[in-house]
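Analysis of the macromolecular model
Listed below are the residues making up each chain.
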Amino acid sequence: MLNYLWSGMILIGIVVAAFTGRIPEVTNAALESARAAVTLCITLLGIIAMWTGLMAIAEKSGLVASLSSRMTPLLSYLFPELPKGSKALEHISTNFMANILGLGWAATPAGIKAMQEMQKYCHDKQRASNSMCMFMIINMSSLQLVTVNILAFRTQYGSANPSEIIGPGILVTISTTIVAIIFAKLCEGRVNRS
């Protein structure tokens, strides 16, 4: 559907440009946008490589396992259906840590593995468990303290202080995550009563 939408908008832009005599401006804008897209991709590639490398070092050094064990009380509260020492809890903590650092691309594989592990503890294989719902809701609440992508975009486009968004980002993340957890716990209580 989005392909049709974007194709339609591009086609309408070209037709309007042809009728108004602005084809050279459209051509220049297309070429400039292509150049900016390539430059942005190269910038993001460097940032992604750095943070993904740091995450790999953290995993190999045992830092992820150490932080995961420290997160056990919180994870036990959030995911009471999962047994302690479960592989799912390890994947969940890895996903949370990657998301907190703003590494959505590094969080996705851990999130998929966490959902697969939680599926093993699910009684009804056709429905999501409370733990699966909690995990999805927390992930959708924008669980990140450092917004690496936004910092990269702001740096790329010449922001005078690209890191000024970190404070408001942390405030918003904490707020949305707390609201998400409260909502999930309320829904969980409702489901358990029925």
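No experiment lies behind these values; they were computed from the predicted model shown.

Each helix and strand in the protein was counted, giving nine helices and zero strands. Each helix and strand of the protein, ordered N terminal to C terminal, gives the series α-α-α-α-α-α-α-α-α. For 194 residues, the compact-globule estimate of 2.2 N^0.38 gives 16 Å, and the protein exceeds it by more than 25% at 22 Å. In terms of its C-alpha atoms, the protein occupies a principal-axis envelope of roughly 65 × 40 × 30 Å. In the protein, the share of contacts with a sequence separation of at least 24, taken over all contacts with a separation of at least 6, comes to 64%. Carbon and sulfur atoms make up 69% of the accessible area of the protein, which totals about 12,500 Å². Side-chain charges of the protein comprise 14 positive and 9 negative groups, with the mean position of each set lying 6 Å from the other.

All right, on to the packing of aromatic side chains then. Using the criterion set out here, one finds two aromatic pairs in the structure. Ring geometry for F79 and F96: centres 6.4 Å apart, planes at 40°, overall tilted. With F79 in the loop between α4 (72-78) and α5 (87-100) and F96 in helix α5, this residue pair connects regions lying 17 residues apart in the sequence. The residues F79 and F96 share a single accessibility class, namely buried. Pairing F96 with F135 gives two aromatic rings, centres 6.0 Å apart and planes at 20°, and the pair type is stacked. With a gap of 39 residues between them, F96 in helix α5 and F135 in helix α7 (residues 130-140) connect regions that are remote in the sequence.

Ranked by size, the top nonpolar core spans 28 residues in total, and within it F79, I92, F96 and M118 carry the most contacts. For this core, the secondary-structure elements that each account for two or more residues are α2 (23-61), α4, α5, α6 (104-120), α7 and α9 (166-193). For this core, the leading source of residues is α5, giving six residues. Once residues within four sequence positions are removed from consideration, F96 is found in contact with M71, L75, L78, F79, F135, I138, N139 and L143.

Tracing the chain through its elements places N130 in helix α7. A distance of 3.4 Å separates the side chain of N130 from the side chain of E81, its partner in a polar contact.

In this section: α5. For α5, spanning 14 residues, the distance from its first C-alpha to its last is 20 Å, which sits close to the expected 20 Å at 1.5 Å a residue. With 11 of 14 residues buried, α5 is to be regarded as a mostly interior element. Residue S86 occupies the N-cap position of α5, its side-chain oxygen lying 3.0 Å from the main-chain nitrogen of A88. Immediately downstream of α5, the backbone of G102 shows phi near 80°, a positive value.

This part takes up the environment of I165. Within the fold, I165 resides in the loop between α8 (148-156) and α9. With a relative accessible area of 22%, I165 lands in the partly exposed category. The spacing of I165 and V146 is 19 residues in sequence and 8.9 Å in space, taken between C-alpha atoms. In this view, I165 contacts T147, I150, L151 and R154; residues no more than four positions away in its chain are not counted.

Scoring rules and cut-offs
- Residues numbered from 1 in each chain as written.
- Predicted model: local features only at pLDDT ≥ 70, side-chain atom pairs only at ≥ 80, totals over all residues.
- Heavy atoms only, no water.
- Helix = DSSP H or I, 4+ residues; strand = E, 2+ residues; numbered from the N terminus.
- Rg over C-alpha atoms; globule rule 2.2 N^0.38 Å.
- Contact = heavy atoms within 4.5 Å.
- Areas by Shrake-Rupley, 256 points an atom, 1.4 Å probe, with all protein chains shown as cover.
- Lys, Arg positive; Asp, Glu negative; His and termini not counted.
- Charge placed at Lys NZ, Arg CZ, Asp CG, Glu CD.
- Phe/Tyr/Trp six-rings, centres within 6.5 Å; stacked < 30°, edge-to-face > 60°.
- Buried < 20%, exposed > 50% of the residue type's maximum accessible area, 1.4 Å probe, protein only.
- Core = buried A, V, L, I, M, F, W, Y, C linked by side-chain atoms within 4.5 Å.
- Polar contact = N/O pair within 3.5 Å; in protein donor to acceptor, adjacent residues only side chain to side chain.
- Expected span 1.5 Å × (residues − 1).

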